[in-house]
Amino acid sequence: MPVRTASAVRQISVSALMCLARCPRWYVYEYSLGLARVGRSVAPTALRGPVEWLNASQRGQVVHAVCQKARTSEEAAEVLNSELGAYGVTEAARLELVAKLSPMIDRFLESPEARLEGVWEQPFLLNVGETVVSGVMDLVIPGAGGHVTIVDLKTNTIEKHEVKSAAEDYRIQMQAYALAAHRAMGAGRVSAVLHFLYPAERVPAEFGAGDFAAIEEGMVKLARQAAEYTLDSTSPVESHHCRTCHYSQLCWGGGGRRCDGVVERGDDAECDAPEADVGVGDDYDLSF
Ligand code: SF4
């Protein structure tokens, strides 16, 4: 019987796989070389004095926390104030953030999944070939007859016409979640819902018994590419992803191609685009 040594097994996060699918060069910069992102999320800053605004990552984490803990608008208002208090935001910023984030939270609370019993922040490890893929699902709801519903909340500020393309960027993530639910819970059918809270759009995807082998095959291929890609074997390829890429200047010099779209107040070097969405689960990244 062949012996598999621990060093032969690699770990990669779902976020890293999504990055690879988006742009191999970006993957090499961020995950192979470990270059620091501009504008990466930071921990609550209450101890560093008054905070004037939260960046997109921090806002995403606050929304996820409130959706997890509250079941009514009244509870949500209370939890939201408490979460913002942990960041030490000023009173003016608190009022503005409540006005901005409350409608997003209400959209989740009005969804059918908000009324169902499920498990929040469910971590998983997925063995695909010689690689272990790690991730955390926002909400997993077991149903009858081997049916599982998975919800992933997106807090990106995007336009309605961008939803389709954003959902495509998250396809690998949804596939990984479906495979994880199939393996760990014996799910024969998985409904995965990408819930964009701004704008209010839901993008459902259905996975059945005939899909899981193909998903695994695709993930094995991606994981193999992840192990092989280097700076020499990849090159910059301009696409709409360059607009939100943290390494645009490395590829294109000068001002790069980054952020010719909407940048919100306080976001400085951070675009509110698909890549800016950070769920709580992203804290569990185990990239190699
Ligand atoms: S700037 Fe564009 S080509 Fe360069 S790493 Fe980013 S997404 Fe890829």
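Since the structure is predicted, the reported quantities are computational estimates derived from the model, not experimental observations. (Residues numbered from 1 in each chain as written. Predicted model: local features only at pLDDT ≥ 70, side-chain atom pairs only at ≥ 80, totals over all residues.)

Side note on the overall build of the chain
Part 1 of the reasoning: The secondary structure content of the chain amounts to nine helices and six strands.
Part 2 of the reasoning: A burial count over the chain gives 40% of its 288 residues as buried.
Part 3 of the reasoning: For the chain, the share of sequence-separated contacts (at least 6 apart) that also reach a separation of at least 24 residues comes to 70%. (Helix = DSSP H or I, 4+ residues; strand = E, 2+ residues; numbered from the N terminus. Buried ≥ 20, exposed ≤ 12 C-beta atoms within 10 Å, placed from the backbone. Contact = placed C-beta atoms within 7 Å.)

A short note on helix α3 (residues 56-69)
Part 1 of the reasoning: The end-to-end C-alpha separation of α3 is 20 Å, in line with the 20 Å expected for 14 residues at 1.5 Å each.
Part 2 of the reasoning: The element α3 is largely enclosed, with a buried count of eleven among its 14 residues.
Part 3 of the reasoning: Inspection of α3 places A56, S57, Q58, R59, G60, Q61, V62, V63, H64, V66 and C67 among the buried residues, and these make up the whole buried set.
Part 4 of the reasoning: On its buried face, α3 is in contact with α4 (73-87), α5 (91-109), β3 (131-142) and β4 (147-154). (Expected span 1.5 Å × (residues − 1).)

Some points on unusual backbone geometry
Part 1 of the reasoning: The omega torsion of the bond from Y198 to P199 falls at 0 degrees, within 30 degrees of zero and hence cis.
Part 2 of the reasoning: Locating P199 in the fold gives a position in the loop between β5 (189-196) and β6 (201-207).
Part 3 of the reasoning: Phi at E121 takes a positive value of approximately 55 degrees, unusual for a residue other than glycine.
Part 4 of the reasoning: Structurally, E121 can be placed in strand β2 (residues 119-128).
Part 5 of the reasoning: Among the residues examined, E121 registers 17 C-beta atoms within 10 Å and is labelled partly exposed.

Regarding the site of the ligand
Part 1 of the reasoning: Around the ligand, a shell composed of C23, R25, W26, Y29, P236, V237, H241, C242, C245, Y247, S248 and C251 is seen.
Part 2 of the reasoning: Secondary structure elements with two or more residues in the shell around the ligand: α2 (24-32) and α9 (248-252).
Part 3 of the reasoning: The element best represented in the shell around the ligand is α2, accounting for three residues. (Near = placed C-beta within 6 Å.)

What about the environment of V163?
Part 1 of the reasoning: With respect to the element layout, V163 can be found in helix α6 (residues 163-169).
Part 2 of the reasoning: In this structure V163 comes out as partly exposed when scored by C-beta crowding, with 19 C-beta atoms within 10 Å.
Part 3 of the reasoning: Sequence-wise, V163 and V203 are 40 residues apart; in three dimensions their C-alpha atoms are separated by 8.4 Å.
Part 4 of the reasoning: Residues contacting V163, with those up to four places away along its chain left out, are I158, F196, E201 and V203.

Remarks on helix α1 (residues 14-22)
Part 1 of the reasoning: Judged by how many residues are buried, α1 sits mostly within the fold: eight of nine residues are covered.
Part 2 of the reasoning: Three or more residues of α1 are buried, namely V14, S15, A16, L17, M18, C19, L20 and R22.
Part 3 of the reasoning: Contact partners of the buried residues in α1: β1 (10-13), α2, β3, α6, α7 (171-185) and α8 (212-228).

A look at the confidence of the model for the chain
Part 1 of the reasoning: Per-residue confidence for the chain gives a mean pLDDT of 85, with 81% of residues at or over 70.
Part 2 of the reasoning: Predicted confidence is poor over residues 39-47, with pLDDT under 50, and the contacts of this stretch with residues over four places away or in other chains come to 16 contacts. (pLDDT = per-residue confidence, 0-100.)

Here we look at the pairing of β4
The two faces of a sheet get side chains in turn, since along a regular strand they alternate between them.
Part 1 of the reasoning: Where burial is concerned, most of β4 is hidden: seven out of the eight residues are buried.
Part 2 of the reasoning: Pairing analysis gives four bridges linking β3 to β4, with the strands arranged antiparallel. Following the sheet pairing, I141 is matched in β4 by T149.
Part 3 of the reasoning: In this structure, the hairpin formed by β3 and β4 is closed by a connection of four residues, where G145 is found at a positive phi of approximately 65 degrees. (Pairing = 2+ DSSP bridges.)

Focus: the pairing of β2
Part 1 of the reasoning: In this structure, β2 lies alongside β3, joined through nine bridges in antiparallel fashion. Across the sheet, L126 pairs through a bridge with V133, a residue of β3.
Part 2 of the reasoning: Between the antiparallel neighbours β2 and β3 lie two residues, among them G129 with a positive phi of about 60 degrees.

Description of the packing of α1 against α8
A packed helix pair is summarised by two numbers, namely the angle formed by the two axes and the spacing between the axes.
Part 1 of the reasoning: Two elements in contact, α1 and α8, have axes separated by 10 Å at closest approach and are oriented at 80 degrees. Classified by the angle their axes make, α1 and α8 are roughly perpendicular. On the side of α1, the interface is formed by A16, L17, L20 and A21, while α8 contributes L222, Q225 and A226.
Part 2 of the reasoning: Of the residues in the contact of α1 with α8, the class split is six nonpolar, one polar and no charged. (Axes fitted to C-alpha atoms, helices over the stretch in contact; angles between N-to-C directions. Parallel < 35°, antiparallel > 145°, perpendicular 65-115°, else oblique. Nonpolar A, V, L, I, M, F, W, Y, C, P; charged D, E, K, R; others polar.)

Side note on the packing of α1 against α2
Part 1 of the reasoning: The N-to-C vectors of α1 and α2 enclose an angle of 140 degrees; their axes lie 5 Å apart at closest approach. In this view, α1 runs oblique relative to α2, as classed from their interaxial angle. Every residue of α2 that contacts α1 at A16, C19, L20 and R22 is listed here: P24, W26, Y27, E30 and Y31.
Part 2 of the reasoning: For the contact of α1 with α2, a count of residues per class yields seven nonpolar, no polar and two charged.

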